[in-house]
Number of protein chains: 2
Amino acid sequence: MSDKKEYTNIGKRVPKLDAVDKVTGKAVYPQDIKLPGMLYGKILWSEQAHAEILEIDTSEAEKLSGVKAVITAKDMPPTKMGIIQDNSPLKDDKVRSLRDEIAAVAAVDEDTAERALELIKVKYKPLSAVFDPEEAMKDGAPQVHAEAKGNRNKLHYSLEYGDVDAAKAESDVVVKHRFKLPFVKHCCLGLHSCVASWDGAGKLTMYSPTQVPFLYQRDLAKVLQILPSMIRVIQPKIGGAFGSKLDLYPNEVICAVLAKKTGRPVKLTYTREEEFKCTPSRQPAIIDIEVGAKKDGTLTFRDVFLILDNGAYTSWGATTPYVIMNPVTSLYKCKNIRFDTAIIYTNNMYSGAMRGYGNPQGNFAVESMMDILAEKLGMDALELRLKNCNEPGEVTPQGMRVTTCGLRECIETVAKRLDWAHKRNRRDNQTGTLRRGVGLASYFHVGGGARVYRSDGCGAIVKMDDFGHVTLITGSTDIGTGSETVLAQITAEELGVRTEDVTVVNNDSAIKPWDVGVHASRTTFIAGNAAREAAAKIKARILKKASEMLDEPENKLEINNRKVYSKTNPEQVIDIGKVIRRAHFREHGEAFVAEAFYDPPTEMQDKEHRGNISVTYGFGTQGAEVEVDTETGQVRILKMVIANDVGRAINPMLLEGQFEGGLSMGIGYALLEKLVVENGEVKNPSFLDYKMPTVKDMPPIEIVLVETDDPAGPFGAKGAAEGGTIPTAAAIRNAVADALGFHMLELPLQPEKVLNAIKAHRIIGD
Amino acid sequence: MSDKKEYTNIGKRVPKLDAVDKVTGKAVYPQDIKLPGMLYGKILWSEQAHAEILEIDTSEAEKLSGVKAVITAKDMPPTKMGIIQDNSPLKDDKVRSLRDEIAAVAAVDEDTAERALELIKVKYKPLSAVFDPEEAMKDGAPQVHAEAKGNRNKLHYSLEYGDVDAAKAESDVVVKHRFKLPFVKHCCLGLHSCVASWDGAGKLTMYSPTQVPFLYQRDLAKVLQILPSMIRVIQPKIGGAFGSKLDLYPNEVICAVLAKKTGRPVKLTYTREEEFKCTPSRQPAIIDIEVGAKKDGTLTFRDVFLILDNGAYTSWGATTPYVIMNPVTSLYKCKNIRFDTAIIYTNNMYSGAMRGYGNPQGNFAVESMMDILAEKLGMDALELRLKNCNEPGEVTPQGMRVTTCGLRECIETVAKRLDWAHKRNRRDNQTGTLRRGVGLASYFHVGGGARVYRSDGCGAIVKMDDFGHVTLITGSTDIGTGSETVLAQITAEELGVRTEDVTVVNNDSAIKPWDVGVHASRTTFIAGNAAREAAAKIKARILKKASEMLDEPENKLEINNRKVYSKTNPEQVIDIGKVIRRAHFREHGEAFVAEAFYDPPTEMQDKEHRGNISVTYGFGTQGAEVEVDTETGQVRILKMVIANDVGRAINPMLLEGQFEGGLSMGIGYALLEKLVVENGEVKNPSFLDYKMPTVKDMPPIEIVLVETDDPAGPFGAKGAAEGGTIPTAAAIRNAVADALGFHMLELPLQPEKVLNAIKAHRIIGD
């Protein structure tokens, strides 16, 4: 972009506004909250993966000194919960997984609450259980929910565009494979923790790390059988979310009921072990994918069948096919698409949303198949991608309208920086036990909101004080991404002040205007547009006032760096605070407050899953150079390159942080992370046994922010936060394949698995 | 008012929204706040009323374990503070009263902080001191401030309207007296307490019970030499204020500096003894007043000279003449007015604002003189008042434009309920030691805001959620009066929902729009109009949407009790939440947020103190029937009657509460309360020795709310909160005079004083 406007705040490497408070321990997370008279809650989990509950005896627990309440299903409202109402906050008749909640205690401290749990006696009648979705699909398998025949979840996603069978018949090359992806966890440093407090007027205040305060309010109210307006959601600092706080979970309902029953505030904080065992994971997936192409590399079709292990209840994990279909239909041009799913109940714990919302799973299959297909075609994988590359103006089979699109630039940048021309497909030149390869993968994702609910809007209120400082009250939530800093930059730029002049208020449902929540990389784009629109209203009023004061037409005035000045006569300048004060401190005074609500010009998908759900789309490419130790199976990443279309970088430092964090999550997915679940039991519920990448596992990273200046984005920006994670695993897998000359189809590429494959393919004889 | 509209929320006896939380102890007052790592502050007060400070040795205190900071003047910014900058948060060279702050400590708990104070050694060189303002005015008196010659404060208030000397010469009757009024205290149950906390970005959050958050922010910033925008003021529940929290005081500066120095939050809470000794009082006054009349009772002139004991520094108490002049110029019609003041520094503690802001002092003199004048004229005191009664359409000598005025109705109502015709002036019929009398007094006060700063505005933001519930973010502050409930009623009425559907947010300067603060009985009127205006904007938008849905013109639609309905076709009805949701949850959705800023159409006073500072004015009358025990001097109130022009009672119960509370304060002023200050020392700093009325001291009270339906007020309301206190003392004094046949001119009418006067006037021989 040659002719870019220079901004005062936009494009600047501004540290997070709350960075110092976070690193010095001043920031208040849910677990730091102490309310007068507060009690501590604990949950009793099932000891059986599948059983009838015959009896729950809480009498001994109730007698324990310091215990203020013991609750079971009989203390709960009779409502079901969950997105298809197949769960209960406490189970009465039956348990269906080891994370099932059976009873809960509120006591004066956590130790007492834990001792009380030990005193609760539960009698079970064990039932046969099923832990593998393919087993669960078979006739005669144990039934997790009586009403879900064949353990089929009633959620089902399928589509067919074009004529897949005809395209298959006409293809020069067709390949088909099965990919398998594991359970992985978000590994937020902030534990799930909430505090519930009822006031004298019957209103409930929930201090919760939810990503979706207004949906949470609605869902919690439904379970508690009160009006959503009776719940005030206050979000303390959130220590990471990545989708893990996108739903209402039983612990929050339990906490509210304990507080109601005791008449005192109750805090319920998970241990790290509970965090691993009792919170949703990324949905494990089996993906059968068949793709084809013409000799020249033109993609002809994709045909995908997806089996998801739903676990025992239904949360957002079950809806991830909605996004998994995006790369299948829209990454690279391909007209004939079939996509079908089987979402299968098992007695495992259920899954939820996680960064990318299924796109990492879908992307892994699609981008792995691009390499496999290229190989079959005898074509360079880079060339195949460029041939089918998405382009501005394209409408994808799902009806998604690509506006700005930097994908070609991203692919070419990564290839160049990887030295693709010299490093790809160099197996024949390598000797010894260490083998090197390069690979890349791209992604397609929403980048301008995502109309997955009827509203994708966000509100903003901007208030300027008498000294030119600003409060932005935004509907959006900062789950740790730094969105409040980005929104401060946008607001400051529009108003002509400085980022540090903006205070962002974003954590109280009673105060902030509505927003659908943090998901789909939408906050910078949607909340940014809302903030900018509200700020623009104030700017117009300031310019009008200044025009009177400076006797200069409004259209000749501009505001920058806290001054209003004449664009034609630089001596005409006045401090912004002075304008405000002159307008305010007088008879018939004014105050400078404005509001806006931005709901993007998008549409819901129709029944065929067609619809332009986002104003613009995000693209990016990652490349990996790896070295595989053929004696140990260890994959070492020598270098990662990320080139990403961010529209415009509002804050390059925070974007780089997003990409680094996203990459680390992607590297974990590719090489290290797997929640080991055996017979429904999590075998590695600790950071000692669950291997997420540490700083030592991080390779050198090159990040290139490709700026396409999206005309609909705030100052040109588009969403990019999930992008860092989506293509990483495929890029690394493709590099490993390039190093070894064969294809691995299951994640993670842990040494044992790689070594076994090396042996099977006799890469190095032994 | 015969033809009054019936409202759903207006005129209803709605309990305070926070009533249950307050009575059950759930409400969080400043002293309840606990922040992580918080320290406790304490202040070392002067041991001398007037002295040079030779040395402050803090070394021993600093060594005490648990002490985190000891500060003296050298740790403070070099700025002065106070409304004329004659005070310092910690004193370096000189102390001028026993409430002077010398040093302060922050420690891990209050006990440690107190022990540390004992270890601080201060060497003084005592100076001669002066405690009586008349002594202080004399040549050669000790000088409190070198720059204030003759101990005259540079604040000075004087005016002359008409020709007082000519009027005096032409008067048929002239009387002159000196009235003396004591130090009294606000006696808030909530102690002065604040918490200061600096964040990593250099921003200060003050948890403060201030009545004026935005002025406080500005004043504190000035002392700390930072931008006001760097201070966020959060107001926890406030346990009463009555003017006592209208200024910034040294304790809050000290708290902020202790927090800055230690890098930790610091809480500083006064003891009850400090509350009595170290917070401002009502300004004691000596009032020389001369008044005259024609034979027919027409008032001819008032000539007032006021001596105020300013104490050692200047706070708002010194500005009370601004309001004392109101009853002098404007209560009853009188054209020729002279008013002059001497505001005199002494070595007493300084005074501040207190309910009525000088009006109780001025009113006492003016209304006592009405009775004395009537007596001289041989005229009934009631008749004299009615003859000179204020009336709608009148412009007072100060240029105050009376619009609605229920004074005549108030006077007549009180007279009737007191049975004035049969009970007044019945001394001749009484025998024995118990003598009865009746008296009354009225008041004139601002009732539609008070433009005493350049802005008298208040902002409001109203947000409606998807279920028809509402948040009102108001600039105003609820200091315990129930204003948030009244504002909820106004907002609910305008929007057609119910009071309990409204959540009021009013305690965070970063969030709420600007407001000048709680004073001058302005909140219901000013903040009410702002809230109504913002709500009206949303109402208009809802009606527009509903009009589309119901296919009915907007002007035929109304909203009430959560429903939008057709005024002509009652079957056309739709739930308000449904309208909102239909407008919100769709493509191009809307959200319902609006803001307004109400700055009343008033003017600042000119140099002659003329100007219509309020949109409307408040009037009221109180009557007392008393029984004086001539053997003990004890005055027993048999009955009080209050009739008050409230414009329109938004909440009769809360208004009655205001009048009962105001009356109790007035009864204390009349009969019981006096802060005994000897040589600058408070001798009765406890509720044991300082006698405020308890529930046992309260007489039967009849309250009549006179509704004049002010066209400028929200739903007709005008301000009335201070009114309850203003005329009480004069009414009681007048009743005592009616009982005894002579006039007492000093408050309080404590038994000893009354008995001495009885003896001097030989009412009952002994």
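Residues numbered from 1 in each chain as written. Chains lettered and ligands numbered in written order. Predicted model: local features only at pLDDT ≥ 70, side-chain atom pairs only at ≥ 80, totals over all residues. Heavy atoms only, no water.

Student: Help me understand the interface of chain B and chain A in this model?
Tutor: One frequent convention defines the size of an interface as the accessible area lost when the parts assemble. In this complex, chain B contributes 55 residues to the contact, which on the side of chain A involves 55 residues. Between chain B and chain A the total buried area reaches about 4300 Å² when both faces are included, carbon and sulfur atoms providing 58% of it. Of all residues in chain B, Lys463(B), Phe467(B) and Phe585(B) give up the largest surface area on contact with chain A, accounting jointly for 12% of the area buried on that side. Where chain B packs against chain A, one counts 22 residue pairs in polar contact (both at pLDDT 80 or more). In terms of residue count, strand E25 (residues 592-598) of chain B provides more of the side of chain B that touches chain A than any other element does, 4 residues in total. Class assignment of the residues belonging to the side of chain B that touches chain A gives a composition of 24 nonpolar, 12 polar and 19 charged. (Contact = heavy atoms within 4.5 Å. Buried area = accessible area lost by both parts, 1.4 Å probe. Polar contact = N/O pair within 3.5 Å; in protein donor to acceptor, adjacent residues only side chain to side chain. Helix = DSSP H or I, 4+ residues; strand = E, 2+ residues; numbered from the N terminus. Nonpolar A, V, L, I, M, F, W, Y, C, P; charged D, E, K, R; others polar.)

Student: Help me out: how do you make sense of helix H14 (residues 483-495) of chain B in this one?
Tutor: Helical geometry note: an α-helix holds 3.6 residues per turn, so side chains three or four residues apart project in the same direction. The terminal C-alpha atoms of H14(B) lie 18 Å apart, and with 13 residues this matches the ideal 18 Å at 1.5 Å per residue to within 8%. Of the residues one or two after H14(B), Gly496(B) is the one with positive phi, at around 75°. (Expected span 1.5 Å × (residues − 1).)

Student: Please clarify how the sheet that holds strand E6 (residues 121-126) of chain B should be interpreted in this entry.
Tutor: Paired through their backbone hydrogen bonds, the strands of a sheet run either parallel or antiparallel. All names here are of chain B. Strand order in the open sheet formed by 3 strands is E4-E2-E6, and the pairing between neighbours is antiparallel. Two strands bound the open sheet, and with one partner strand each, they are strand E4 (94-95) and E6. Where strand E2 (residues 51-57) lies against E4, 2 bridges are found, and the strand directions are antiparallel. When the bridges of E4 are listed, Glu52 appears paired with Lys94. (Pairing = 2+ DSSP bridges.)

Student: Hey, could you run me through the pairing of strand E19 (residues 458-464) of chain A in this one?
Tutor: Consecutive side chains of a regular strand alternate in pointing toward one face of the sheet and then the other. All names here are of chain A. Across the 7 residues that make up E19, a large majority, 7, are buried. Summarising the sheet, E19 and strand E25 (residues 592-598) pair through 7 bridges and their orientation is antiparallel. In the strand pairing of E25, Ile461 is matched with Glu595. Of the pairings in the sheet, the one linking E19 to strand E20 (residues 470-474) comprises 5 bridges and is antiparallel in character. By the bridge assignment for E20, Val462 is matched with Leu472. Taking the residues between adjacent antiparallel strands as the criterion, E19 and E20 are bridged by 5 residues, where Gly468 takes a positive phi near 85°. (Buried < 20%, exposed > 50% of the residue type's maximum accessible area, 1.4 Å probe, protein only.)

Student: Just checking my understanding: could you explain the pairing of strand E15 (residues 299-311) of chain B for this structure?
Tutor: All names here are of chain B. Buried residues dominate E15, accounting for 12 of its 13 residues. As paired elements, strand E14 (residues 285-293) and E15 share 9 bridges and run antiparallel to each other. Note on E15: the bridge partner recorded for Gly292 is Phe301. Hairpin remark: E14 followed by E15, antiparallel, with 5 residues in the connecting loop; positive phi at Gly297, about 100°. In the sheet, E15 pairs with strand E16 (residues 336-345) via 10 bridges, with the strands oriented parallel. Each residue of the ladder has a partner; that of Phe301, found in E16, is Asn336. A crossover connection joins E15 to the parallel E16 through helix H9 (residues 321-330); in handedness this β-α-β unit is right-handed. (Right-handed = clockwise from strand over helix to strand, strands pointing away.)

Student: Sorry if this is basic, but what is going on with the packing of H14(B) against helix H15 (residues 523-550) of chain B here?
Tutor: The geometry of a pair of packed helices is captured by two quantities: the angle between their axes and the separation between those axes. Residue and element names in this part refer to chain B. Packing of H14 against H15 brings their axes to within 8 Å, and their N-to-C directions diverge by 30°. It follows that H14 is roughly parallel to H15 by the angle criterion. The interaxial crossing formed by H14 with H15 has right-handed handedness. From H14, Ser483, Val486, Leu487, Ile490, Thr491, Glu494 and Leu495 reach across to H15, where they touch Thr523, Thr524, Ala527, Gly528, Ala531, Arg532, Ala535, Ala536, Ile538, Lys539 and Ile542. (Axes fitted to C-alpha atoms, helices over the stretch in contact; angles between N-to-C directions. Parallel < 35°, antiparallel > 145°, perpendicular 65-115°, else oblique. Left-handed = near helix turned anticlockwise from the far one by under 90°.)

Student: Would you mind showing me how to read the relation of the copies chain B and chain A here?
Tutor: Rotating chain B by 180° about the axis while translating it 0.0 Å along that axis superimposes it on chain A, leaving an RMSD of 0.0 Å. Here the two chains are linked by the operation of a two-fold rotation axis. A symmetric contact is evident, with 100% of the interface residues of chain B recurring at the interface of chain A. (Least-squares fit on C-alpha atoms with pLDDT ≥ 70 in both.)

Student: Could you clarify how one ought to interpret unusual backbone geometry in this entry?
Tutor: Note that the residue after Leu747(A), namely Pro748(A), is joined by a cis bond; omega there is -10°. Along the polypeptide, Pro748(A) turns up in the loop between helix H18 (728-740) and helix H19 (751-761). In this structure, His588(A) takes a positive phi of about 55° despite not being glycine. Among the residues examined, His588(A) registers a relative accessible area of 56% and is labelled exposed. Unlike most non-glycine residues, Gln85(B) shows phi in positive territory, near 60°.

Student: Looking at this structure, I do not really get the confidence of the model for chain A. What am I missing?
Tutor: The predicted coordinates should not be examined in detail at positions where pLDDT is low. Here chain A averages 96 in pLDDT, while 99% of its residues score no lower than 70. Interface predicted TM-score (ipTM) for the complex: 0.95; the corresponding pTM is 0.97. (pLDDT = per-residue confidence, 0-100.)

Student: Would you explain the sheet that holds strand E30 (residues 701-706) of chain B in this entry?
Tutor: Residue and element names in this part refer to chain B. If you trace the 4 strands from one edge of the open sheet to the other, you get E18-E26-E27-E30, paired in mixed fashion. This sheet does not close on itself; its edge strands, each paired only once, are strand E18 (434-446) and E30. Across the sheet, the mean angle from the axis of one strand to that of its neighbour is 15°, orientation sign disregarded. Pairing geometry for strand E26 (residues 617-629) and strand E27 (residues 635-645), over 10 bridges, is antiparallel. Its bridge partner being in E27, Val626 is matched across the sheet by Ile637. Docked against the sheet, helix H17 (residues 652-672) engages E26, E27 and E30, running at close to 125° with respect to E30.

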